[in-house]
Amino acid sequence: AKRVVYFLPDRKTSTRYVRLLVQSSNALIPEIGELWLGRRRHLPYKFDRQLDDLRTGSELVAFESRSGIRTNYTLSRGQSRRTGSMLLDQASDIATVEAFWSESAQGTKPFLYCENPSTAASTTQLMNQDPELDLALVGPRTRSFGLNMREVAPFVALES
């Protein structure tokens, strides 16, 4: 199953109800695992300093018996992990990051992350972030914004 992502071009602030209609001309049986509706918040621009955009990882538990046999049990595999940073010198850009931080409940709620929303919306990932806002002052009016993210299952890399 592939994920489908659609970003609305306009902001709908007065909408109270949403109806989902799935139509297909073939024998497609839709399977909806999750439906997200929420405010779209753009970071001011792409990460322009450090960007670790290909890092993935797996989690496992290693068990070693008394006889010395070691067995690994896989908890998860293919999880994307992203780290990036950018310099911000405009008050409006800093306010955008602070609003993102507030809307993710100070780093305690997941958010959708799409590295290239205009070209690859289907690679959008549900991410958690470190619960710490990194906005270090590095100049008279310039701040360095850093973000560490971990993908929440199901992982995009394992979708067919």
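Everything below is about the structure printed above this text.
Criteria and thresholds
- Residues numbered from 1 in each chain as written.
- Predicted model: local features only at pLDDT ≥ 70, side-chain atom pairs only at ≥ 80, totals over all residues.
- Heavy atoms only, no water.
- Salt bridge = Lys/Arg side-chain N within 4 Å of Asp/Glu carboxyl O.
- Buried < 20%, exposed > 50% of the residue type's maximum accessible area, 1.4 Å probe, protein only.
- Helix = DSSP H or I, 4+ residues; strand = E, 2+ residues; numbered from the N terminus.
- Pairing = 2+ DSSP bridges.
- Contact = heavy atoms within 4.5 Å.
- Polar contact = N/O pair within 3.5 Å; in protein donor to acceptor, adjacent residues only side chain to side chain.
- Core = buried A, V, L, I, M, F, W, Y, C linked by side-chain atoms within 4.5 Å.

1. Overview of the pattern of salt bridges
Now for step 1: Evaluated as defined, the whole model comprises one salt bridge.
Now for step 2: We note a salt bridge from Arg 55 to Asp 52, for which the minimum N-O separation is 3.6 Å.

2. As for the pairing of strand S5 (residues 125–129)
Now for step 1: Burial analysis of S5 places four of its five residues in the buried class, which makes it a mostly covered element.
Now for step 2: Judged from the three bridges that link them, strand S4 (residues 111–113) and S5 form a sheet pairing that is antiparallel. By the bridge assignment for S5, Leu 112 is matched with Leu 126.
Now for step 3: Bridge count between S5 and strand S7 (residues 143–151): three bridges; the pairing is antiparallel. Across the sheet, residue Met 127 finds its bridge partner in S7, namely Glu 151.

3. A look at the side chain of Glu 151
Now for step 1: Its place among the elements puts Glu 151 in strand S7.
Now for step 2: In this structure Glu 151 touches Gly 78, Gln 79, Ser 80, Gln 125, Leu 126, Met 127 and Val 156, once residues within four positions along its chain are discounted.

4. Quick look at the environment of Gln 129
Now for step 1: For Gln 129, the location among the structural elements is in strand S5.
Now for step 2: Classification of Gln 129 by relative accessible area gives buried; the value is 7%.
Now for step 3: A sequence separation of 20 residues divides Gln 129 from Met 149, and the C-alpha atoms of the two residues are 4.5 Å apart.
Now for step 4: Setting aside anything within four residues of it in sequence, one finds Gln 129 in contact with Phe 100, Trp 101, Ser 104, Gly 107, Phe 111, Leu 147, Asn 148 and Met 149.
Now for step 5: A polar contact is formed between the side chain of Gln 129 and the side chain of Ser 104, at a distance of 2.8 Å.

5. Some details on the nonpolar core
Now for step 1: In terms of nonpolar packing, the biggest core is built from 13 residues, with Leu 88, Phe 111, Phe 145, Leu 147 and Met 149 touching the most fellow members.
Now for step 2: Dropping the residues within four chain positions of it, Met 149 is found in contact with Phe 47, Ser 80, Arg 81, Arg 82, Phe 111, Tyr 113, Met 127, Asn 128 and Gln 129.

6. Considerations on the pairing of strand S3 (residues 70–88)
Now for step 1: Relative to S3, strand S1 (residues 51–52) runs antiparallel, the two sharing two bridges. Following the sheet pairing, Asp 52 is matched in S3 by Thr 83.
Now for step 2: Relative to S3, strand S2 (residues 56–64) is paired through eight bridges, and the arrangement is antiparallel. Looking at the pairing, Val 61 lines up with Tyr 73 of S3.
Now for step 3: In this structure, the hairpin formed by S2 and S3 is closed by a connection of five residues, where Gly 68 is found at a positive phi of approximately 95°.
Now for step 4: Sheet analysis places S3 next to S7, joined by eight bridges and oriented antiparallel. Bridge assignment links Thr 83 to a residue of S7, and that residue is Asn 148.

7. A closer look at unusual backbone geometry
Now for step 1: The amide bond that connects Ala 153 to the next residue, Pro 154, takes the cis arrangement and shows omega of 5°.
Now for step 2: Mapped onto the fold, Pro 154 is located in the segment after S7.
Now for step 3: The phi torsion at Ala 105 lies on the positive side, around 55°, for a residue other than glycine.
Now for step 4: Following the sequence through the fold, Ala 105 ends up in the loop between helix H1 (91–103) and S4.
Now for step 5: Phi is positive for Gln 106, close to 55°, though the residue is something other than glycine.
Now for step 6: Examined against the element boundaries, Gln 106 turns out to sit in the loop between H1 and S4.
Now for step 7: On the accessibility criterion, Gln 106 (41% relative accessible area) is partly exposed.

On their own, these measurements won't tell you what the molecule is for.
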